[in-house]
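Per-entry structural report
Now for the letters of each chain:
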Amino acid sequence: MTTEKNHITTKTTKQKTPIPSRMQKKDIHALLQQAEDNDDLIPITETLKGRVIFRTKDIRTIGKLKRRAERNSFIHEVLINRIKDGIEATAFEMVTKAYDIPMSEGYKLMGIPQSTLRRRLNKGKLLPNESDRVYRYAELMTKATEMMQKDSNRAASWFKKPMEIFGGETPLQHAITEIGAREVEDLIGRIRHGVFS
């Protein structure tokens, strides 16, 4: 009988010890969270939308923020405020160069007449609605460049090809309206995730 009691005690003790797999899951979760917080974001200055919106001090602040959620929140806040205040008028030229289109085409696409752009260049800033349109094209180019594995020339060419999905318009022409821009962005997302139909 003594032997049986010892055998039963041993079994009970084994059941009370924590299951290692649960501890491992917690550790894995902590490691994943840490990796997410310290991940290397694409340097904002390397993207067209980053060059259009962010200033040197913004980049420094983003670099100091440790957690991804803090960085995203700060980036979103700066973006909204910068567009409300008006982005630099020189952003118009940056965007037309990125798309490799003449300025005259840029005036039509972004809805900013040449005479108006001259006035904005003298003042230094675009109006909020103009800033929004210029940023829209900068963001689309950034996403298309990522789609083309960071090849901005291929991305610019892609924007100039007429597509049946847009009724024969190029993505560049289709993005003139906010709704059209969303459709172009949606197509870029589907291509990137391999669900283009």
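So, how was this worked out
Residues numbered from 1 in each chain as written. Predicted model: local features only at pLDDT ≥ 70, side-chain atom pairs only at ≥ 80, totals over all residues. Heavy atoms only, no water. Helix = DSSP H or I, 4+ residues; strand = E, 2+ residues; numbered from the N terminus. Buried < 20%, exposed > 50% of the residue type's maximum accessible area, 1.4 Å probe, protein only. Contact = heavy atoms within 4.5 Å. Areas by Shrake-Rupley, 256 points an atom, 1.4 Å probe, with all protein chains shown as cover. Phe/Tyr/Trp six-rings, centres within 6.5 Å; stacked < 30°, edge-to-face > 60°. Salt bridge = Lys/Arg side-chain N within 4 Å of Asp/Glu carboxyl O. pLDDT = per-residue confidence, 0-100. Axes fitted to C-alpha atoms, helices over the stretch in contact; angles between N-to-C directions. Parallel < 35°, antiparallel > 145°, perpendicular 65-115°, else oblique. Nonpolar A, V, L, I, M, F, W, Y, C, P; charged D, E, K, R; others polar. Core = buried A, V, L, I, M, F, W, Y, C linked by side-chain atoms within 4.5 Å. Arc of directions from axis to C-beta.

Brief notes about the overall build of the protein
On a plain count of helices and strands, the protein comes out with 12 helices and 0 strands. Reading the protein from its N terminus to its C terminus gives the helix and strand order α-α-α-α-α-α-α-α-α-α-α-α. Counting across all 197 residues of the protein, residues that qualify as buried make up 33%. Of the contacts made within the protein by residues no fewer than 6 positions apart, 58% connect residues no fewer than 24 positions apart. Total accessible area on the protein stands at roughly 13,200 Å², and carbon and sulfur atoms take up 53% of it.

Some points on the packing of aromatic side chains
Applying the stated criterion to the full structure yields 4 aromatic pairs. Ring geometry for Tyr-99 and Phe-159: centres 5.0 Å apart, planes at 75°, overall edge-to-face. Of the two residues, Tyr-99 sits in helix α6 (residues 90-99) while Phe-159 sits in helix α10 (residues 152-159), which places them 60 residues apart along the sequence. With respect to class, Tyr-99 is no different from Phe-159; both count as buried. An aromatic cluster is present here, built from Tyr-99, Tyr-137, Trp-158 and Phe-159 joined pairwise through their rings.

Overview of the pattern of salt bridges
Under the defined criterion, the tally for this structure stands at 10 salt bridges. Linked by salt bridges that have partners in common, Glu-139, Lys-143 and Glu-185 make up one network.

Observations regarding the confidence of the model for the protein
Here the protein shows a mean pLDDT of 83. Residues at 70 or above account for 77%. Overall, residues 18-23 carries pLDDT values under 50, and its contacts beyond four positions in sequence, including any with other chains, amount to 0 contacts. Note on residues 35-40: pLDDT is under 50 here. Beyond four places in sequence and across chains, it has 9 contacts.

Observations concerning the packing of helix α5 (residues 68-85) against helix α9 (residues 128-147)
Viewed as axis vectors pointing N to C, α5 and α9 meet at an angle of 130°, and their least axial separation amounts to 6 Å. By the criterion of interaxial angle, the relationship of α5 to α9 is oblique. Here α5 contributes Leu-79, Ile-83 and Lys-84 to the contact with α9, which in turn contributes Pro-128, Ser-131, Asp-132 and Tyr-135. Looking at the contact of α5 with α9, its residues break down into 4 nonpolar, 1 polar and 2 charged.

Observations concerning unusual backbone geometry
A positive phi angle, close to 55°, is found at Asp-100, a residue other than glycine. Assignment of secondary structure puts Asp-100 in the loop between α6 and α7 (103-110). Even without a glycine there, the phi angle at Lys-150 is positive, about 70°. Checked against the element boundaries, Lys-150 lands in the loop between α9 and α10.

A short note on the nonpolar core
Core analysis: the largest hydrophobic core is formed by 44 residues, its most contacted members being Ile-53, Val-95, Tyr-99, Val-134, Trp-158 and Phe-159. At the level of elements, α3 (48-53), α5, α6, α7, α9, α10 and α12 (178-192) are the ones that each hand at least two residues to this core. Ranked by residue count, the leading element in this core is α9, at 8 residues. Setting aside residues up to four positions removed in sequence, Tyr-99 forms contacts with Tyr-137, Leu-140, Met-141, Ala-156, Phe-159, Lys-160 and Leu-172.

Some thoughts on helix α8 (residues 114-123)
Each turn of an α-helix holds 3.6 residues, which means side chains three or four residues apart point in the same direction. When α8 is considered as a whole, its buried residues turn out to be Thr-116, Leu-117 and Arg-120. Down the axis of α8, the buried side of the element spans an arc of 100°, and every buried residue falls inside it. The elements touched by buried residues of α8 are α6, α7 and α9. Gly-124 sits one or two positions beyond α8 and adopts a positive phi of about 100°.

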